[in-house]
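An overview of the molecular structure
Each chain, written out:
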Amino acid sequence: MTVVNRKHMILESLVDSLREDTLPNITTKILAKKSDITEAAIYKHYKGKKEIFQELFKFIESAIVDKIYEIRNKPISNLEKAKTLYYFMVLFVESNPGFARFLNRECLTADELDIIQSIDTLFNNVETEFGSFGFTKDHSRMLITTLEGVYTRYSRSKFTEKPSEYIDFYYDVLVNSCLLYTSPSPRDQRGSGMAATG
């Protein structure tokens, strides 16, 4: 097995552990057992558990950033871009349940404070992206707040309650609220943004 494949296998073991009904105390010993390798073998690829978490963050961040660039270049209205991003953020995590516990910081401790801060920054960047699509600061914050709530609810249900079952209703309520409480002048200034598609 190549080094790259072994590292990926260890990362998959972390994700598998995060999606268990009861979140275990993640240790290199647990990850080694799930990867069917010795604990010493893990340290040939990672310095420790923290570095494995960092690798998972890089994967998630890369997927989200790539999607954002893709959405920016789509020939669709700003409101459709915002919807596409919101739905991606929900369905991406639904397809990878362990990510919910990672992005809501449930599996992280004070030892991973820098990773927690990186997740905070990632959410701030996504919030800013919603703003670039014509949403006010308050409305962008509301979209991010509901996303984080969706992740926590998904985890709390032990991944049995799929966000895709209620995302349409959530998003319709959110956007209708934004359109209702956004004053005419900022919406008009957005041109192809929310006013053009309302």
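This is a predicted model, so every value here is computed, not measured. (Residues numbered from 1 in each chain as written. Predicted model: local features only at pLDDT ≥ 70, side-chain atom pairs only at ≥ 80, totals over all residues. Heavy atoms only, no water.)

**Examining the overall build of the chain**
The following threshold applies: Here a strand is any run of E in DSSP of at least two residues, a helix any run of H or I of at least four, and the numbering for each starts at the N terminus. Burial status follows relative accessibility: with a 1.4 Å probe on protein chains alone, a residue under 20% of its type maximum counts as buried, one over 50% as exposed, and anything between as partly exposed. Working rule for contacts: check all heavy atoms of both residues, and any pair within 4.5 Å makes them a contact. Only the protein chains shown count as cover for residues, and the accessible areas themselves come from Shrake-Rupley with a 1.4 Å probe.
When you go through the chain residue by residue, the secondary structure sums to 11 helices and 0 strands. Looking at the chain residue by residue over its 198 residues, the buried ones come to 44%. Once local pairs closer than 6 in sequence are excluded, the contacts in the chain between residues at least 24 apart make up 66%. When the accessible surface of the chain is split by element, carbon and sulfur atoms take 51% of a total near 10400 Å².

**Re unusual backbone geometry**
One non-glycine residue, D36, lies in positive phi territory at about 60 degrees. Position of D36 among the secondary structure elements: in the loop between α2 (28-35) and α3 (39-42). Accessibility expressed as a relative area gives 71% for D36, which makes it exposed. Here K158, not a glycine, exhibits a phi torsion of approximately 55 degrees, which is positive. Take K158: its relative accessible area is 41%, and that puts it in the partly exposed class.

**Some details on the packing of aromatic side chains**
Quick note on the threshold: Here the aromatic set is Phe, Tyr and Trp, taking the six-membered ring for Trp, and pairing holds for ring centres within 6.5 Å; pairs whose planes are under 30 degrees apart are stacked, those over 60 apart are edge-to-face, and all others are tilted. Throughout this description, the term charge over a ring refers to an Arg CZ or Lys NZ atom that lies within 6 Å of the ring centre and within 35 degrees of the ring normal.
Inspection of the entire model under this criterion finds 11 aromatic pairs. When the centroid spacing of 6.2 Å and the interplanar angle of 65 degrees are considered together, the rings of F59 and F99 count as edge-to-face. Here F59 is found in helix α4 (residues 49-72), whereas its partner F99 is found in helix α6 (residues 98-103), with 40 residues between them in sequence. Overall, F99 belongs to the buried group, its relative accessible area being 3%. Geometrically, the ring pair formed by F88 and F92 is stacked, given 5.1 Å between the ring centres and 10 degrees between the ring planes. Separated by 4 residues within a single helix, F88 and F92 lie in helix α5 (residues 78-95), roughly one turn from each other. The same class applies to F88 and to F92, which are both buried. Taken together, the aromatic side chains of Y86, Y87, F130, F135 and Y171 make up a single cluster linked through ring pairs. The ring of Y46 carries K7 above its face, with NZ or CZ at 5.0 Å from the centroid.

**Description of the nonpolar core**
To keep things clear, this is the line we draw: Side-chain atoms within 4.5 Å link the members of a nonpolar core, which is a set of buried Ala, Val, Leu, Ile, Met, Phe, Trp, Tyr and Cys residues.
Core analysis: the biggest nonpolar cluster contains 59 residues, and L56, I64, Y86, M89, F102, F130 and Y151 have the highest contact counts within it. Here the element with the most residues in this core is α5; it accounts for 10 residues. Setting aside residues no more than four positions away along its own chain, I64 makes contact with F88, M89, F92, L122 and V126.

**Comments concerning the side chain of H139**
Going by this rule: Polar contact is defined as a pair of N or O atoms within 3.5 Å, subject to the rule that within protein one atom must be able to donate a hydrogen and the other to accept it, and that residues adjacent in sequence are counted only when both atoms are side-chain atoms.
Looking at the element boundaries, H139 is found in helix α8 (residues 137-156). Only 3.0 Å separates the side chain of H139 from the side chain of T136, close enough to count as a polar contact.

**Regarding α2**
Quick note on the threshold: Regarding the arc, it is the one traced by the directions from the helix axis to the C-beta atoms.
Every buried residue of α2 is listed here: T28, L31, A32 and S35. One face of α2 carries all of its buried residues, which in axial projection span an arc of 100 degrees. Structural note: α2 exposes K29 and K33 on the side pointing more than 90 degrees away from its buried face. Following α2 by one or two positions, D36 has its phi on the positive side, about 60 degrees.

**With respect to the pattern of salt bridges**
The line we're drawing: Salt bridges are defined by distance alone: a side-chain nitrogen of Lys or Arg within 4 Å of a carboxyl oxygen of Asp or Glu.
In total, this model carries 10 salt bridges according to the counting rule given. Where K34 meets E20, a salt bridge forms, and the shortest distance between an N and an O atom there is 2.8 Å. Placement of K34 in helix α2 and of E20 in the loop between α1 (3-18) and α2 is noted, with a sequence separation of 14 residues between them. In this structure K34 comes out as partly exposed when scored by relative accessible area, which is 38%. Look at E20 and you get partly exposed, because its relative accessible area is 28%. One salt bridge connects R105 with E148, and the closest N-O pair in it is separated by 2.6 Å. Here R105 is found in the loop between α6 and α7 (113-132), whereas its partner E148 is found in helix α8, with 43 residues between them in sequence. The class for R105 is buried, based on a relative accessible area of 18%. By relative accessible area, which is 26% here, E148 ends up partly exposed. Where salt bridges share partners, they join K67, E70 and K74 into one cluster.

The quantities given are spatial measurements derived from coordinates; they are silent on function.
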